Amino acid sequence: MSKRQVLIYQAAVGRPIRHFEGVSFKIADMAVKLAASRLLILDAARALDRGETARKEGAVAKLYSTEAAFEVAHESLQVHGGIGYTKDLPVERYFRDARFMMIGGGTSEIMRYIIQREVYKEMGRPS
Ligand SMILES: Cc1cc2nc3c(=O)[nH]c(=O)nc-3n(C[C@H](O)[C@H](O)[C@H](O)COP(=O)(O)OP(=O)(O)OC[C@H]3O[C@@H](n4cnc5c(N)ncnc54)[C@H](O)[C@@H]3O)c2cc1C
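For clarity, every value in this text was computed on a predicted model and none was experimentally measured.

For the site of the ligand, give the residues involved together with the corresponding values.
Surveying the vicinity of the ligand reveals the residues F100, I103, G104, G105, G106, T107, E109, I110 and Y113. In terms of residue class, the shell around the ligand is built from 4 nonpolar, 4 polar and 1 charged.

Structure (structure tokens):
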């Protein structure tokens, strides 16, 4: 967003929108989702480094981080308002890319299938 657009935007609402709790809490939730995603990805990477298959860890990390990325991009677009929907900013691109990651490389449904299969294996009750 250009400096001029920021100024127009701020003038429209009287103060920077991050000062509104409804917006700043979204930012906090986004930060939590990104931090949790990083930890789950590290957990899967460490299992692979130990020579494990990391089937469950990988599927958990892929499922959570891609759905979190979509939620973060969705909220980010909302916070940016109308300009977030245009190609003036990269937000709409992040939104489309994040949505694809819930399909490409194994859909969210397949990740859930893998996770439940590994959970039942751990319980000694393979399907
Ligand atoms: C832009 C784009 C780029 C791509 N790039 C690549 C690439 O570089 N390399 C590559 O290998 N592939 C690529 N793909 C393909 C992508 O990996 C597949 O689209 C994805 O794996 C889903 O397969 P599918 O489209 O055949 O859907 P399907 O397998 O037909 O699934 C359709 C729906 O049914 C659900 N479903 C299927 N089986 C089950 C089940 N057992 N239980 C519950 N639900 C189920 C799926 O989750 C999905 O919601 C790309 C796709 C797109 C759109």
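I'd like a rundown of the environment of G58, residues and numbers included.
Inspection of the secondary structure assignment puts G58 in helix α3 (residues 55-80). Overall, the presence of 23 C-beta atoms within 10 Å leaves G58 in the buried class.

Provide a residue-level description of the nonpolar core, including the pertinent values.
Membership of the largest hydrophobic core is limited to 8 residues, which are A68, A69, F70, V72, A73, V91, F95 and A98. Of all the secondary-structure elements, those providing two or more residues to this core are α3 and α5 (91-100). Top contributing element to this core by residue count: α3, with 5 residues. Counting residues in hydrophobic clusters, the runner-up holds 6 residues, among them A59, V60, A61 and L63.

Report on the packing of α3 against α5, specifying residues and quantitative values.
One can describe the packing of α3 onto α5 by two numbers: an axis separation of 8 Å at closest approach and a directional angle of 155 degrees. It follows from the interaxial angle that α3 and α5 lie roughly antiparallel. Handedness of the α3/α5 crossing: left-handed. On α5, the residues that touch A69, F70, A73, H74, S76, L77 and H80 of α3 are V91, E92, Y94, F95, A98 and R99.

Let's hear about unusual backbone geometry: which residues, and what values?
Despite not being glycine, A54 shows a phi value in the positive range, around 60 degrees. Topologically, A54 is positioned in the loop between α2 (21-49) and α3.

A description of the environment of Q78 should follow, citing residues and the corresponding values.
With respect to the helices and strands, Q78 occurs in helix α3. Distance from Q78 to V91, taken between C-alpha atoms, is 9.7 Å for residues 13 residues apart in sequence.

Describe α3, and please don't skip the residues or the numbers.
Counting along an α-helix, one turn takes 3.6 residues, and residues three or four places apart therefore face a common direction. Here α3 contains 26 residues, and its C-alpha end-to-end distance of 37 Å stays within 8% of the 38 Å for a straight helix at 1.5 Å per residue. A positive backbone phi angle near 70 degrees is found at G81, which sits one or two residues after α3.

Rules and cut-offs
- Position numbers for residues count from 1 along each chain, tracking the sequence in the order it is written.
- At least 70 in pLDDT is required for a residue's local features to be given in this predicted model, at least 80 for side-chain atom pairs to be given and counted, and no such filter applies to totals for whole chains, interfaces and linings, which use all residues.
- Proximity of a residue to a molecule or strand is defined by its backbone-placed C-beta atom lying within 6 Å of that partner.
- Side-chain classes are defined by residue name, with Ala, Val, Leu, Ile, Met, Phe, Trp, Tyr, Cys and Pro counting as nonpolar, Asp, Glu, Lys and Arg as charged, and the others, Gly among them, as polar.
- Secondary structure is summarised from DSSP: a helix means a run of H or I of at least four residues, a strand means a run of E of at least two, and numbering begins at the N terminus for each.
- Here the C-beta atoms are placed from the backbone, and a residue counts as buried if at least 20 other C-beta atoms lie within 10 Å of its own, exposed if 12 or fewer do, and partly exposed otherwise.
- Here, a nonpolar core means buried Ala, Val, Leu, Ile, Met, Phe, Trp, Tyr and Cys residues linked by C-beta atoms lying within 7 Å of one another.
- To obtain an axis, a line is fitted to C-alpha atoms, over the contacting stretch when the element is a helix, and the angle between two such axes runs from 0 to 180 degrees between their N-to-C directions.
- Working definition: roughly parallel below 35 degrees, roughly antiparallel above 145 degrees, roughly perpendicular at 65 to 115 degrees, and oblique for all remaining angles.
- Here a crossing is called left-handed whenever its near helix is offset anticlockwise from the far helix by less than a right angle, and right-handed whenever the offset is clockwise.
- Once C-beta atoms are placed from the backbone, any two residues with those atoms within 7 Å are in contact.
- Given the number of residues in a helix, its expected span is that number minus one, multiplied by 1.5 Å.

That's the geometry; what it means functionally is another story.
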